[in-house]
Each structure stands twice: as structure tokens, then as C-alpha cells.
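Below are the chains, spelled out letter by letter.
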Amino acid sequence: MSETTTLLQVNDLHTSFFTNSGEVKAINGISFSLDRGKILGIVGESGSGKSVTAYSLLRILTDPGRVTAGQVLFNGEDILTYSTQKMHSFRGSRISMIFQDPMTSLNPVYTIGNQLREAIRIHTDRTREQVHARALEMLTLVGVNEPEKRLKQYPHELSGGMRQRVMIAMALACEPDILIADEPTTALDVTIQAQILELMQELQHKLGMAIIMITHDLGVIADICDEIIVMYAGRVCERGTADEIFYNPCHEYTKGLIRSIPTFGSTHEKLTPIAGNPVDLLKLPSGCAFASRCDRAMKICLSDPPEEIRVNENHIAACWVNVKNVYDEAKEGQDQ
Amino acid sequence: MSNHPLIDVRNLKQYFTVKADMITKLQLKAVDDVSFTINQGETLGLVGESGCGKTTVGRALLRLYKPTAGEVYFDGNLITDDNIDHYRKDMQVVFQDPYSSLNPRMTMADIVGEPLDIHGLYKTKAERKEKIAELVQLVGLNSDHARRYAHEFSGGQRQRIGIARALAVNPRFIVCDEPVSALDVSIQAQIINTFEELQEKLGIAYLFIAHDLLVVQHMSSRIAVMYLGKIVEVGPADEIIFHPVHPYTQSLISAIPLPDPKAARERRRIILQGDVPSPLNMPAGCPFRSRCRYATEECAQVCPSLEDMGAGHQVACYHPQG
Ligand SMILES: Nc1ncnc2c1ncn2[C@@H]1O[C@H](COP(=O)(O)OP(=O)(O)O)[C@@H](O)[C@H]1O
Ligand SMILES: Nc1ncnc2c1ncn2[C@@H]1O[C@H](COP(=O)(O)OP(=O)(O)O)[C@@H](O)[C@H]1O
Ligand code: SF4
Ligand SMILES: [Mg+2]
Ligand SMILES: [Mg+2]
């Protein structure tokens, strides 16, 4: 991990929803950094706080959600302190987002051309002809065939995969430094998913932007990410390179996740599920949020939140079992 | 074991009439001449992209639709409109969505007990209660929670309730239509194991429909691959996964997101161009030819039929690969 520059640095971010039944602590102190031109994956089960993390970064949380603490540094500046107006232009120019459902970003009553040209006009000063040319160029870039014809069509006239491509084109119109993609292929069939993943990798190479890829699918994350964050109950369990997370998992939850998915060709081996159900965010335990489902939980896991420790230069984990392992190894080394 | 399969589907067709506009009506061939068998205690996986006809195969086979053509034999007996009620008990279904397929205002006991009521499977109230408790425990739920309402359970728990309900009538065959697709992976594994344990214990056969190929290859002894209403390849699970020969199956397998970064880096995805054509506008000849890189003149004429490749592996393609 050398010769890279940090584009985004998130420090101890907390986000809660203040509901009638109490404070739902959706994000409980997460920290990570994103380097220029990298693909960072955020993986976790539903409700683990992936989307809320993205909304917090973009400051598009809706009531009753609020960032309660932390910093989001972009090139060293804390965007959480930006005025609404400054944030608005920041969102349009440096960072943009795509969603699972393309209709979140597309308006059904306007043509593709209308919407795409508008997105281009807002962020650049180009003439009419230049805007049109740019719209065609964007559609071609994202692999939409017959772009002239598509510009005149409405969203419902396109297939799901095609709409996803158009949404990506709109998000990239402002040439962002960071693209946040929240489950962009979850609703798509595998062959179309493969097209979109291939496209995102290709665009990343061509345009050099950084991508935050949010998904619950360990396969998608392994396929395209340089670095991975595993989340559980609004906390980071561990983060590291893809190889570290998959071949050297150091948090009991990650280990459980990997054991619970069928692997290619493992036809006759039994899966090992994680027992129990996800934790209630209204009643977060004081220790590790995963402790009640963890079969290696120790006393300290129930009382104290696990410390984040560095496993190696490419890997950080927050699990007491791991802390113990590292400590034991160090001690063994000393004894010898 | 008897020498005939438990389920024998022959040349099943399910066409729907849909309105193209106010005047024109079109025929949608959702399932077009599909044949397969499933042995007692066996799992046949059925895969393919959304809209290819998987759900319709399951529903037509259970006669929840009136099939346009074809026959279904259960344990050697031809199923007809007249005798289907007799076989309903033997053939059950579990659906994808544990939220919409159960009535949230019914208690777990009511949901699991309903089929017992319908088929009169108990003599006394006490026996009914006992049967419900047994079923609930069989699928790994707590029978103390029998009086709780469906909406009070999590997704995975609801799916278990759906399975307990299907098991209530002692079926010999269950159509599992995307039963784990809506669940988180850790919960998915619990339900997959439940299906497997029930099969070992009770010898139930499954038609296991899913779009997640890793889940299907894990569950199935054989896999059938559908495209636009037709089975294009079928065979032993390992054959289909490791040695697919139909160009569509090959790209489908190559597109599986692998939870293994090294394998993902090494493999080459075969990216298909374009989308699945509309079933209302089927190309003549092979249904896959508009996206197939091996297509020739021949492929545009007559639809290829399933040909035997040996060892129970069949493929419908003029230019099988490998
Ligand atoms: N509008 C809201 N009101 C209350 N709680 C919310 C709201 N939105 C999200 N949450 C809570 O935040 C948690 C994280 O949600 P989210 O980030 O959407 O999860 P995911 O990882 O599936 O994207 C959820 O468990 C949910 O309970
Ligand atoms: N009741 C129906 N009336 C008309 N068309 C239908 C009906 N049910 C399914 N279809 C069509 O039949 C095709 C196959 O659908 P389905 O069996 O649900 O596919 P899958 O389960 O593989 O996603 C689709 O084109 C679908 O739109
Ligand atoms: S029959 Fe022809 S078009 Fe169809 S899959 Fe085989 S080669 Fe491709
Ligand atoms: Mg989400
Ligand atoms: Mg279906």
C-alpha cells in the first residue's frame, strides 16, 4: 500500500436514528480511509449499516437520522462542517452515488436525454452542441448501444441492465473523484451483473476515480475490490486487502460468514451457519455486538468493545479472540 | 426403490395469452416443451435468469395452472384435473418471500395447522397441537412461540414456518421456489441445512429453483438450465458446474461471483452481449442464438433438441463446446 494518496478519511463516525422507541445506533464509531483510484468494498448483512454509512458521508440522511460524532475528511477538509450549499455543489462535483434501483436517480416522466443533458449542464459550462456530444459520449462509455435512439427514450423503455448503465452515466457526468455504489447489481441477473461489474472496473481504470462498493454479496466483493471493510451492527469488524479478508480472516464474524456460504464445487460439504439472529440496535450490548452469536466469545467480549489492532500492514481487526492470538504469539516469540 | 422416477414431466408447455395493445393478443410461451425427471429423495436444481420460466415450471407441474400441453406423472401415475386433489398432499411448495407468503395476522400454530385442518389429519384437538409442535421443532423453531403472529418472526424464522407448513401433510416432493433468495447469508445457510436434513430424514425430493448458482450446486445432485422457456442443458451437478457444454451455461457459470479473490482473478468471465430477448418476440431456431458467439446459419433454422452426451448429461445446441 505505498505511493497512494488518501482521498477520504473517515474518523470515528457515529450516526443514530432518534425514533419514538429510542435511539437506534446505526453507526457506532467507524473509521476508514479511501485511497485515490482504489475500489473499497463494504460488506455486511442487511441492517449492518452499509447504506447509512454512505448516506452519512454524502450527508443525505433523512429524519430522524443524524450524524452524532466523527469526521469525514476529503483532501483534509471536514465535509461535515460544510454549509448546505457548499455540500450541495460538493456532492455534484466530487462525489456521486448510484443505487440498487436505478429509478431512485431517474425520473420516469423525462427522457434519458433530458436527464443526462441536465446532469452534464449543471456541472460544466458547455454549449448545447457540446452537451449533446458529451451525453452521447457518456452513453457510449457505459456501453449503451444505439445512444442516439436511447436519448429519446424514457426509462421504462429500457431493460434493467440498461437503466443501470444510464444511471452510472449520470453519476459519472460530473467526473467525480469518488463513486459510491450501493448494491448496484443486487437486482440484476448474473450475466447482466457480470456486465455491470466489468463496466465498473473498466471505468475505474479509464477514469481513475475511487469507488466505494457496497454489497451483501461476498462474491461480488471478492471479485472487484482492492480493499474490504466487514461491518456488523454499525461497527467495522475488520478491514484489509481482499486476500487478507478471505484467506486470513481475523474476526469471528467474518470467519462465520465465509464458512456459511457455499463455495464453487463444494457440493457435498455441509455449511456451517452462524447461529441466532442479528442484534437489536436499540439495545446494543456494551461489549462486542457479535458476542451473543459467537461460539468463541470470552468474558471480556461481553463487557468491553474489542480493540482495533493491526494484524499486519494490510489488515486491521477488532475481535478479542484475535487480540488474544496476537498477544499469545508475541509472548511465544519472547519466550523463545 | 421403484424403477420409475417420482416426478416425470413430459413435454410440458405453459402458454399465456397477453395483450400487446387494445386489439392484439399475443401468445407468451413461458414454458415450451420441457421434460425432466426427479427420483425419490433427489434434488433437481433449476437455474436460469429471471423470466426464463422457472416459477411457471413449478406451478404448471403442481397444476396451479392448467398446462397448455404435456403430462406429469407422480410415482408412475398420470396426473389429471380429476385426480390432482388426491396428489396435492404429496406435492407441496415453499415460496421465496417469507414476508408476503404468510398471512401476518395468523399465528404460527394457525399457519402450520391449516393444512392439517384441510386434509383432516388429526382426530383430537390435543393431537393437532402435538403435531404442530412436532413440525415446528422439526424445522428448528421453538414450539413455545406457537401463539406468536407471523409478523413477529424474522425472515429466516418465517421461512422455517413456511417449510413446517409444507411438511404438515407429509409430502414426498416439494417445489422450493427461491426459498433462500431473500435471506442474509448466515441465515441462508441455516435454511439450506434444514432442507438437507429433512431430505436425509424423510426422503423428500426437491425441485430447487434459485438464481444463485453456488446455492444450487450445493443443494442439487442434478441441475437443469433454462433459457427462454426451454431446458438447454441438464446433467449431474458436477458436470454442469465443471464441464458445461452449452454456450449459455458456460457464460452463466463464468459469471458467478466467486467468494475467492484468487479464483476470481484467474478466471475469465464470458460476458454475454445484450439482454434476454422478449419471450413475445422469440427468435426462430435456437432461443439463445441472438447472444451466442458460436451461432451459425444452422442455429437460425430449427430449435435444437436435447441430445445425450453420455452419463445423463444432455444439451440442446448445434455446436456444443468442449
Ligand atoms: N429511517 C430510519 N429510522 C430508523 N432506523 C433506521 C432508519 N434507516 C435505517 N435505520 C437503521 O439503521 C440500520 C442500518 O441500516 P442500513 O444502513 O440501511 O443497513 P444496510 O447494511 O442493510 O444497508 C438498520 O438496522 C436500521 O434499523
Ligand atoms: N400469469 C401469467 N400471465 C402472463 N405471463 C406470465 C404469467 N406468469 C409468468 N408469465 C411470464 O412468463 C415468463 C416466465 O415467468 P416466470 O416463470 O415467473 O420466470 P422465472 O420464475 O424464471 O423468473 C415471463 O416472461 C413472465 O412474464
Ligand atoms: S445452437 Fe447455435 S446459437 Fe444455440 S447455443 Fe448452440 S451454437 Fe449457440
Ligand atoms: Mg442498504
Ligand atoms: Mg420465479
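Refer to the structure printed above.
Because the structure is a prediction, the values reported are computed rather than measured.

A short note on the overall build of chain B
Thinking step 1. Each helix and strand in chain B was counted, giving 10 helices and 12 strands.
Thinking step 2. In summary, chain B has a C-alpha radius of gyration of 21 Å against a globular reference of 20 Å for 322 residues, a match within 12%.
Thinking step 3. Principal-axis analysis of the C-alpha atoms places the extent of chain B at approximately 70 × 50 × 50 Å.
Thinking step 4. Each of the 322 residues in chain B was classed as buried or not, and the buried ones make up 52%.
Thinking step 5. Of the roughly 14,400 Å² that chain B leaves accessible, carbon and sulfur atoms contribute 47%.
Thinking step 6. Positive and negative charge centroids in chain B, built from 34 and 38 side chains respectively, lie 5 Å apart.

Here's the deal with the sheet that holds strand β7 (residues 173–177) of chain B
Residues and elements named next belong to chain B.
Thinking step 1. One open sheet holds the 8 strands; their spatial order is β6-β7-β8-β3-β9-β10-β12-β11, and the pairing between them is mixed. Looking at which strands have only one partner, the edges of the open sheet turn out to be β6 (91–94) and β11 (307–308).
Thinking step 2. Across 4 bridges, the pairing between strand β3 (residues 43–47) and strand β9 (residues 222–227) is parallel. By the bridge assignment, Gly45 is partnered in β9 with Ile223.
Thinking step 3. Packed onto the sheet, helix α6 (residues 185–202) meets β3, β6, β7 and β8 (205–209) and runs at close to 160° relative to β8.
Thinking step 4. Strand contacts of helix α9 (residues 247–254): β3, β9 and β10 (230–236), with the helix running at about 105° to β9, the strand carrying the most contacts.

Points about the interface of chain A and chain B
Thinking step 1. If you look at the interface, chain A gives 44 residues, while chain B gives 46 residues.
Thinking step 2. Interface of chain A and chain B: buried area, both sides summed, is about 3,700 Å²; carbon and sulfur atoms make up 54% of it.
Thinking step 3. At the boundary of chain A with chain B, the tally comes to 5 salt bridges.
Thinking step 4. Between B:Arg269 and A:Glu198 there is a salt bridge whose closest N-O contact spans 2.5 Å.
Thinking step 5. On inspection of chain A and its partner chain B, the count reaches 16 residue pairs in polar contact (both at pLDDT 80 or more).

Describing the pairing of β7(B)
All names here are of chain B.
Thinking step 1. In terms of burial, β7 is a largely internal element, 5 of the 5 residues being buried.
Thinking step 2. Neither face of β7 is open: one carries Phe173, Val175 and Asp177, the other Ile174 and Cys176, and all of them are buried.
Thinking step 3. In terms of strand pairing, β6 meets β7 through 4 bridges, oriented parallel. Within the sheet, the bridge partner assigned to Val94 lies in β7 and is Cys176.
Thinking step 4. After leaving β7, the chain enters α6 and then returns to the sheet as β8, a path that is right-handed.

About the cut-offs
- Residues numbered from 1 in each chain as written.
- Chains lettered and ligands numbered in written order.
- Predicted model: local features only at pLDDT ≥ 70, side-chain atom pairs only at ≥ 80, totals over all residues.
- Heavy atoms only, no water.
- Helix = DSSP H or I, 4+ residues; strand = E, 2+ residues; numbered from the N terminus.
- Rg over C-alpha atoms; globule rule 2.2 N^0.38 Å.
- Buried < 20%, exposed > 50% of the residue type's maximum accessible area, 1.4 Å probe, protein only.
- Areas by Shrake-Rupley, 256 points an atom, 1.4 Å probe, with all protein chains shown as cover.
- Lys, Arg positive; Asp, Glu negative; His and termini not counted.
- Charge placed at Lys NZ, Arg CZ, Asp CG, Glu CD.
- Pairing = 2+ DSSP bridges.
- Contact = heavy atoms within 4.5 Å.
- Axes fitted to C-alpha atoms, helices over the stretch in contact; angles between N-to-C directions.
- Buried area = accessible area lost by both parts, 1.4 Å probe.
- Salt bridge = Lys/Arg side-chain N within 4 Å of Asp/Glu carboxyl O.
- Polar contact = N/O pair within 3.5 Å; in protein donor to acceptor, adjacent residues only side chain to side chain.
- Right-handed = clockwise from strand over helix to strand, strands pointing away.

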